[in-house]
Amino acid sequence: QVQLVESGGGLVQPGGSLRLSCAASETFNSMYGMGWYRQAPGKQRELVAAFTSSGSINYADSVKGRFTVSRDNAKNTVDLQMTSLKPDDTAVYYCNAIKLRIGIPYNYWGQGTQVTVSS
């Protein structure tokens, strides 16, 4: 079982920045894909930024130019640098990993970290 632990959330002012980190219990080279999702109250969970199996990155249109996802294979961490934060960015942010087992994809999720953007 893959375990994912998020950290770095908190309360920030509009226009501020936060850096989230996700630590995985096993090496990233065993993962089919990794990234970040978020879920606001009353809303469906949505993609924020994710590495595809080919190594490219998908960003939600709402965060392009403001958020940057990066990975450190040596540390087994995936970070999300968030800048120019808006109140609409308020959500629980979840780290996600997809692992293939006998060709079947399995989704793994962290517990989430709260990001609140408010004055």
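In short, a report on the structure. (Residues numbered from 1 in each chain as written. Predicted model: local features only at pLDDT ≥ 70, side-chain atom pairs only at ≥ 80, totals over all residues. Heavy atoms only, no water.)

**A few points about the side chain of Thr113**
Logical step 1: Here Thr113 shows up in strand β11 (residues 113–117).
Logical step 2: Among the polar contacts listed, one links the side chain of Thr113 to the backbone nitrogen of Gly9, at a separation of 3.2 Å.
Logical step 3: Among residues more than four places away in sequence, those in contact with Thr113 are Glu6, Ser7, Gly8, Gly9, Leu20, Ala91, Val92 and Tyr93. (Helix = DSSP H or I, 4+ residues; strand = E, 2+ residues; numbered from the N terminus. Polar contact = N/O pair within 3.5 Å; in protein donor to acceptor, adjacent residues only side chain to side chain. Contact = heavy atoms within 4.5 Å.)

**So, the packing of aromatic side chains**
Logical step 1: Tallied over the full model, the rule gives 2 aromatic pairs.
Logical step 2: When the ring of Tyr37 is compared with that of Trp109, the centres are 5.2 Å apart and the planes differ by 75°; the resulting orientation is edge-to-face. Taken as a pair, Tyr37 in strand β4 (residues 33–39) and Trp109 in strand β10 (residues 104–109) lie far apart in primary sequence, 72 residues in all.
Logical step 3: When its relative accessible area of 21% is taken as the criterion, Tyr37 is described as partly exposed.
Logical step 4: In this structure Trp109 comes out as partly exposed when scored by relative accessible area, which is 34%.
Logical step 5: Ring plane angle 90° and centroid distance 6.5 Å describe the contact between Tyr94 and Trp109, whose orientation is recorded as edge-to-face. One end of the pair, Tyr94, is in strand β9 (residues 91–101); the other, Trp109, is in strand β10, with 15 residues separating them in the sequence.
Logical step 6: A relative accessible area of 14% places Tyr94 in the buried class.
Logical step 7: Following the ring pairs from residue to residue traces out a cluster consisting of Tyr37, Tyr94 and Trp109. (Phe/Tyr/Trp six-rings, centres within 6.5 Å; stacked < 30°, edge-to-face > 60°. Buried < 20%, exposed > 50% of the residue type's maximum accessible area, 1.4 Å probe, protein only.)

The values reported here are purely geometric and, on their own, carry no functional implication.
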